[in-house]
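# Fold and contact review
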Amino acid sequence: DHAVGALCSSSRYSNGKEGRKPIANHWINDLRPWQIRKLCSGSKPADEAIYYEYLSQLLHPTEGHEKAREDEGLVKEWCTLSVKTTSSGFIWRTVDKTRMDNFKTVASRKDTNHRHYHRDLPFLMELSIAHGQRDLFLDLVDEMLDNPAYASNREVMTTVLENVRKIGKEALGMNESIDAFDDKTIRWIVSLFEKMALNCEDGFVSVPKEVYELWSACEHPLGSSAAPGEEERAFLQILARDSAPKCSLDTMSLWAERGRPAGDELLSALHTTLTRGAQMGVHEELSSTLLHIHQWQLESNYEAQQQHQEPKKDIWSRMKHGHLAVQK
């Protein structure tokens, strides 16, 4: 108890003019996190700040303790506190940037230090979406789809799909909180739908249906009989230029089945899709043909080398290749 009291007493003055001083290093081998948490469980914001500072030094990617960084409970607690908003009276403050950076150290693959931590991807995903970290959420989804343990978990993937749909509709620019059509995010989401179809269980997601539903969300205000609006045309360009050709054609087919007009934009997108499909098909055929030719060349060169190879001088090799002459 004396050690804990000394730690918390000294930590209140750890951010002076001389810069931040370590508050946990001298006590880290003698105290346990639950002891610090218990003492810092008061109602004052300063108490939580002390505990958070302790965790930040304990879990520091280079100066902290490896075993602590591998502790699931401690990492989750640190992440939760890192994205927690604080209040002053009736005014809610935004999350502190330094704390958010700490969270991203664990959650983001772009930070090279993320490998040092125990990472519960569904947990990190939930925190990301809850605090408006849209790009981080999508990157975590991309990472989860590369992991068969997550990709085959229908419950986890159902939650993922629901949130991807929600972000997709926000990125269309139809929401008052979003300024404009987010081209980058829409492209990312379409690619995630395609990745889900490949990596998740069969029948979990229909890419043309998902893409069409997203496309329909930016429908012209006058209804389906009107010509495509600006957002619809932008979506159509993404579909034609970036989506897999088969997905694009199936989605456009759904568009036609629902009675939408086939204007110049749709015909142009169809032309682009068919051209891309033909180019990709030719490329695959050429790649296969070139591979066969290359293999044939290797085999031919090997046979030629064998035929023109100078026979070895020892008697057994000359006998083996029929080059041994016997005088009678």
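Since this is a predicted model, take the numbers as computed values, not measurements.

Attention now moves to the packing of aromatic side chains. Enumeration over the complete set of coordinates arrives at four aromatic pairs. Centroid distance Tyr212 to Trp215: 6.4 Å. Interplanar angle 80°. Geometry classified as edge-to-face. One end of the pair, Tyr212, and the other, Trp215, are both in helix α12 (residues 207–216), three residues apart, so they sit about a helical turn from each other. The class for Tyr212 is buried, based on a relative accessible area of 5%. Its end group placed over the ring of Phe123, Lys76 keeps NZ or CZ at 5.1 Å from the ring centre.

Before going further, it helps to examine the pattern of salt bridges. Counted by the stated rule, this structure contains 14 salt bridges. Residue Asp135 is joined to Lys184 by a salt bridge in which the shortest nitrogen-to-oxygen separation is 3.4 Å. Separated by 49 residues along the polypeptide, Asp135 in helix α8 (residues 134–145) and Lys184 in helix α11 (residues 183–199) bring together distant segments of the chain. Residue classification places Lys184 among the partly exposed positions, given a relative accessible area of 49%. Close ionic contact of Lys195 with Asp146 constitutes a salt bridge, the shortest N to O distance being 2.8 Å. With a gap of 49 residues between them, Lys195 in helix α11 and Asp146 in the loop between α8 and α9 (148–151) connect regions that are remote in the sequence.

For α11, spanning 17 residues, the distance from its first C-alpha to its last is 25 Å, which sits close to the expected 24 Å at 1.5 Å a residue. Here α11 has its buried residues at Thr185, Ile186, Trp188, Ile189, Val190, Leu192, Phe193, Glu194, Lys195 and Met196. Taken together, the buried residues of α11 touch α8, α10 (154–171), α12, α13 (230–241) and α14 (245–257).

Orientation of helix α7 (residues 121–130) relative to α10, taken along the N-to-C sense of each, is 25°, at an axis distance of 12 Å. Looking at the two axes, α7 sits roughly parallel to α10. Judged by the twist between their axes, the crossing of α7 over α10 is left-handed. Of the residues in α10, those in contact with Pro122, Met125 and Ile129 of α7 are Val156, Thr159, Val160, Asn163 and Ile167. The residue makeup of the contact of α7 with α10, split by class, is six nonpolar, two polar and no charged.

Attention now moves to the packing of α7 against α8. Where α7 contacts α8, the two axes come as close as 8 Å, and the packing angle between them is 160°. It follows that α7 is roughly antiparallel to α8 by the angle criterion. Where α7 crosses over α8, the two elements pack in a sense that is left-handed. Across from Leu121, Pro122, Leu124, Met125, Ser128 and Ile129 in α7, the residues of α8 making contact are Leu136, Phe137, Leu140, Val141, Glu143 and Met144. Within the contact of α7 with α8, the residues separate by chemical class into 10 nonpolar, one polar and one charged.

Rules of the game
- Residues numbered from 1 in each chain as written.
- Predicted model: local features only at pLDDT ≥ 70, side-chain atom pairs only at ≥ 80, totals over all residues.
- Heavy atoms only, no water.
- Phe/Tyr/Trp six-rings, centres within 6.5 Å; stacked < 30°, edge-to-face > 60°.
- Helix = DSSP H or I, 4+ residues; strand = E, 2+ residues; numbered from the N terminus.
- Buried < 20%, exposed > 50% of the residue type's maximum accessible area, 1.4 Å probe, protein only.
- Lys NZ or Arg CZ within 6 Å of the ring centre and 35° of its normal.
- Salt bridge = Lys/Arg side-chain N within 4 Å of Asp/Glu carboxyl O.
- Expected span 1.5 Å × (residues − 1).
- Contact = heavy atoms within 4.5 Å.
- Axes fitted to C-alpha atoms, helices over the stretch in contact; angles between N-to-C directions.
- Parallel < 35°, antiparallel > 145°, perpendicular 65-115°, else oblique.
- Left-handed = near helix turned anticlockwise from the far one by under 90°.
- Nonpolar A, V, L, I, M, F, W, Y, C, P; charged D, E, K, R; others polar.

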